[in-house]
Structures are given as structure tokens and as C-alpha cells.
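An overview of the molecular structure
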Amino acid sequence: MIHDVVIIGAGPAGLCLARALSGHGLSVVLLERQAEQELAEPAFDGREIALTHASQALLERLGLWQRVPAEDVAVLRDARVLNGPSLFALQIRAEQAGAERLGHLLANQEIRRAAFAAVTECADVQLRCAVSVRAIRRHPREVQLELASGESLRTRLLVAADSRFSETRRQLGIGARLKDFGKTMLVCRMGHEQPHRQTAWEWFGYGQTLALLPLNGNQSSVVLTLPPRDIERLRELDEESFARETERRFDRRLGAMQLVSTRHAYPLVGAYAERLVGPRCALIGDAAVGMHPVTAHGFNFGLGGVQRLSAGVLAAKARGEDIAAPALLSRYERQHRLATWPLYQATNLLVDVYTNDRLPVKLLRGVGLRVAQGVLPLKKGIARHLTAAG
Ligand SMILES: Cc1cc2nc3c(=O)[nH]c(=O)nc-3n(C[C@H](O)[C@H](O)[C@H](O)COP(=O)(O)OP(=O)(O)OC[C@H]3O[C@@H](n4cnc5c(N)ncnc54)[C@H](O)[C@@H]3O)c2cc1C
């Protein structure tokens, strides 16, 4: 038997693509190396995902949003960017785009749980867990996969959704530009004395970068970006000492703080695949574009890719055409690159400038924020981008 689509990686992107393709007469197989239990009940991983209005709309269409308990969704109304010890902040407000909020925040764990539940309802999607692919062979009319168990699978289209360090991408002979920022990000939930007013902070301090994502009540997701050895030390501190040090790093602007979750660390490496497609194959999610989290766009881009690729595949299926035709895949690549490459580059530039602590650059960083604060069209543009419906 030949399948229509095989997706490798049942992370949020792979699961959403499978769900988007379901119900249109295609046979879809999703291969995942983790055990099914880990997908069904994913553990808290510290990531709180800021979702744009367009992403929320897609999650609603896929039937995922409805599966997330309302009390687990937090409103992200405004955002502020700070530099060094200065009290000045660049403010980006939802009202600048005529909206009530810039977006919503949702734990990655919740997204994964909802996506898994949505996919298990799709009779035309076969989810196979605890498997790995040993070899991939491409032929003009199909792709053959050999699993580690020795079993073979045949498909018309192969999609890699197996993370920014994608093994499938390598097996397909597609390179990626990796950018190692040399820092690690520590994420956890913390309670604090002062209210956050549903405002996210991105604080480019000297020698550290801090972020705060507002959750419900007086709790936030705290993100500390530091050299790996400092993160290791912070992870090992007892809860009390960790809270006191985090309070101090936040200059006590939120008053007393307490740790209310486990701590998780992520090495910061960006990735952009050299090609997003090849003969009978495509890359989506972080396997295509692995963003630095500072602009909170990784999964938003992943969902954009799901929408673009599934639209092309489903249109070809409806016309009775090849769902992996070169023209279709090239269109996906063009559209996805256009939507992601400028922000990928801008994000990397922002990180390079705002984590550079040499004196002239420090001065420029402060001037940059004040100039940006005075440019209403720029702030409106950012707010509109986040709140656009699609
Ligand atoms: C700290 C942090 C904060 C973030 N905040 C935001 C945010 O606010 N907004 C936003 O949009 N994005 C954010 N992101 C990015 C977002 O988390 C990712 O873009 C998203 O999780 C990527 O989903 P994915 O499915 O492509 O990859 P992954 O989540 O990496 O999933 C890949 C899946 O593939 C499986 N897999 C891997 N290799 C294989 C293999 N060889 N065979 C089979 N299966 C395999 C894995 O087990 C996993 O299930 C953040 C990321 C981090 C680290």
C-alpha cells in the first residue's frame, strides 16, 4: 500500500499538519520516536507560547483551541521593551491596532495535549509512536522509508517535522544555517507581589536578558538568558535562593517572587533550512525555521507553514493532481520563506545588538528604543502584525 503523506515528528507542527490534512480522502501516517503516553500526557516543559490572532484562528479551525480549558489561557494585552538599568520602556499596546489584546499565552504542554487529542479522533491518520526511520529512498513517483524495525513504508509526500535539529532533514541531504547564540534560556513560572497588568516584558539588561510573560493571577513565566554555566548554577540553587536571585535580577520591580514550577533550560540555537522542499518532500515547523524565542514566533511560523502546505496539498487532491508536484512544493517554499526569512534575520540582528554590552552599542541600544517609541507607525505595524486575523 502507498500512503499519501508521511510526517516524521508528532510535535505541535506535525500533529497540526496531520489534523489539517484529515477528512479529505488522504491517507496520513505520523511517525514519532517518543512513546504514545508522552504525547497523550505531555509533561510541563516551561514553554509558554505567545500566539497571534491568526494562529488562534487556525487552532480554532483545527478544533484544538476548544480543547484547552479557558482557565489555562492567559491574555497578552501589551508588551514593553526595556534596556539596561533605565526605567524607560518602549511600549507596544494592543489599542494601537484597535484590538483588546496582542495575543494569548498558552503552555506548550496544553498545545501538545490538545493536538494529540484532536489527531486521535482522525480515522484517516495513523499515529505510530516509538519508531525511528533508518533510511529514506526517493523515487520519481514515491518515497520509501525503512524503519529501524525493518518494516518499509511507501508515500507520495514525506514531511519532516522533527525539530530544529531534524535528522530527517539531514537524511534528505538538506543543510541548514545554524546560529549558536552561545547562551542558554531558563524558563519557569513564578508568583510575584506586584501585578503584571497582562503586559509582557523583554528586558535587555547588561550581562543578562530577562523576559516576563503574564499568566493568570499574579503569576508569570520568567525567562532568564545567560551563559550556560550561569544557568546551570541557577538550576541547581534551592528554591528560596533562586527566588531571591531572580527578584534581584528583576530589580525588585515585581516585588517579592516565588518559584511555582519546575525549571527548564534550552540552549539557544537558531536554524534556517537551506531548502524548505525537495523532490517529494517538504520541511515544516522548527525543522524548516527554528527561531530564537525572543520574538515569540517559532510556533506561529510553524502554524503558518501548516496552513500554506496543507492548502496546496488539499487543492491538488481536490483537482485529482499529484499532491507532491514540484510546482506545488516550490510555491510552498516561496510563500513560507517570504513569510519567515525577514523576521528570522531581524530577530537575529536584534539579539546581536541588544546583547552586545560594549559601551558605544549600549548607548545606541537606549537611543534605538527611544527613537522607536517616537515612531507611531512602527509600533502600530508591530501591533497590527500580531493582531491580524490571517
Ligand atoms: C523557551 C521557548 C519559548 C518559546 N516561546 C514561543 C512563543 O512564545 N511563541 C511561539 O510561537 N513559539 C515559541 N517557541 C517555539 C516553539 O516552542 C516551537 O516553534 C515549536 O515547539 C516547534 O514545534 P515542532 O513540532 O516543529 O518541533 P518540536 O516541538 O521540537 O517537536 C518535534 C517532534 O519530533 C519528534 N522527533 C524528533 N526527532 C525525531 C525522529 N528522528 N523521528 C521521529 N520523531 C522525532 C520529537 O520527539 C518531537 O515530538 C518557544 C521555544 C522555546 C524553547
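Residues numbered from 1 in each chain as written. Predicted model: local features only at pLDDT ≥ 70, side-chain atom pairs only at ≥ 80, totals over all residues. Heavy atoms only, no water.

Another aspect to go through is the site of the ligand. Within the structure, the ligand sits among 30 residues, and E32, R47, A50, D286 and F299 are positioned closest to it. Between the ligand and A13 there is a distance of 2.9 Å, counted from an oxygen atom to a backbone nitrogen or oxygen. One nitrogen or oxygen atom from the main chain of R33 is found 3.2 Å from a nitrogen atom belonging to the ligand. Expressed as a share of its isolated accessible area of 1000 Å², the protein-covered part of the ligand is 92%. Of all the elements in the fold, those that place two or more residues in the shell around the ligand are α1 (12-21), β3 (48-51), β12 (176-192) and α8 (298-318). Taken together, the residues that form the shell around the ligand break down as 14 nonpolar, eight polar and eight charged. (Near = heavy atom within 4 Å. Polar contact = N/O pair within 3.5 Å; in protein donor to acceptor, adjacent residues only side chain to side chain. Areas by Shrake-Rupley, 256 points an atom, 1.4 Å probe, with all protein chains shown as cover. Helix = DSSP H or I, 4+ residues; strand = E, 2+ residues; numbered from the N terminus. Nonpolar A, V, L, I, M, F, W, Y, C, P; charged D, E, K, R; others polar.)

When you line up the elements, Q208 lands in the loop between β13 (199-204) and β14 (209-214). Accessibility expressed as a relative area gives 14% for Q208, which makes it buried. In this view, Q208 contacts W203, T225, L226 and R249; residues no more than four positions away in its chain are not counted. (Buried < 20%, exposed > 50% of the residue type's maximum accessible area, 1.4 Å probe, protein only. Contact = heavy atoms within 4.5 Å.)

Let us now look at the environment of D162. Considering the arrangement of structural elements, one finds D162 in the loop between β11 (152-160) and α5 (167-171). For the pair D162 and A13, spaced 149 residues apart in sequence, the C-alpha separation works out to 8.9 Å. If sequence neighbours within four positions are ignored, D162 has contacts with I8, G9, E167, T168 and A287. A polar atom in the side chain of D162 sits 2.4 Å from the side chain of S166.

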